[in-house]
Amino acid sequence: MNKRRHQRMEVSNLVADVSDGNGFFSGYVKDISHHGMLLHDIPQKFNDNAKKLSLVVSGNGKNFKMQAIPRWSGSDGSGKKIGLKLVNISYNWTQFVMDMAPQPIDAWGY
């Protein structure tokens, strides 16, 4: 059952640097929403039991510093994939996500 309030959008050009409190790790952002994201290719050393994470998401000439709570993790080949809930998000992140959303098709051609 999908309990998400906001639909996730797949992205391919975002990189994430994430800290579990003990070290910094880099990976890729696979999908985003207003309040969540999926990271993949995170090194196995990453402590996915951390309660709160700090991350910097970079791409499209922009950087976003955020806090996140890990919701789940799993194996992703040689790395990990991690589902995150974003906390204390900025207006800039919200605007970025809205700009990435596909535009509705105007059936009337306006």
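Everything discussed here concerns the structure shown above.
These remarks concern the structure in this document. (Residues numbered from 1 in each chain as written. Predicted model: local features only at pLDDT ≥ 70, side-chain atom pairs only at ≥ 80, totals over all residues. Heavy atoms only, no water.)

## Some remarks on helix α1 (residues 91-100)
Side chains of residues three or four places apart in an α-helix project in the same direction, reflecting 3.6 residues per turn.
Then comes step 1: Buried within α1 are the following residues: W93, F96 and V97. Around the axis of α1, the buried residues are gathered within 95° of arc, so they sit on the same side. Away from its buried face, by an angle of more than 90 degrees, α1 presents the exposed residues Y91, N92 and D99.
Then comes step 2: Buried residues in α1 make contact with β1 (9-10), β3 (24-32), β4 (36-42), β5 (53-59), β6 (62-76) and β7 (79-87). (Buried < 20%, exposed > 50% of the residue type's maximum accessible area, 1.4 Å probe, protein only. Helix = DSSP H or I, 4+ residues; strand = E, 2+ residues; numbered from the N terminus. Arc of directions from axis to C-beta. Contact = heavy atoms within 4.5 Å.)

## A short note on the side chain of D31
Then comes step 1: Of note, D31 is situated in strand β3.
Then comes step 2: Accessibility expressed as a relative area gives 13% for D31, which makes it buried.
Then comes step 3: Ignoring sequence-local partners within four residues, the contact set of D31 consists of R8, M9, E10, V11, M37 and L38.

None of this, on its own, says anything about what the molecule does.
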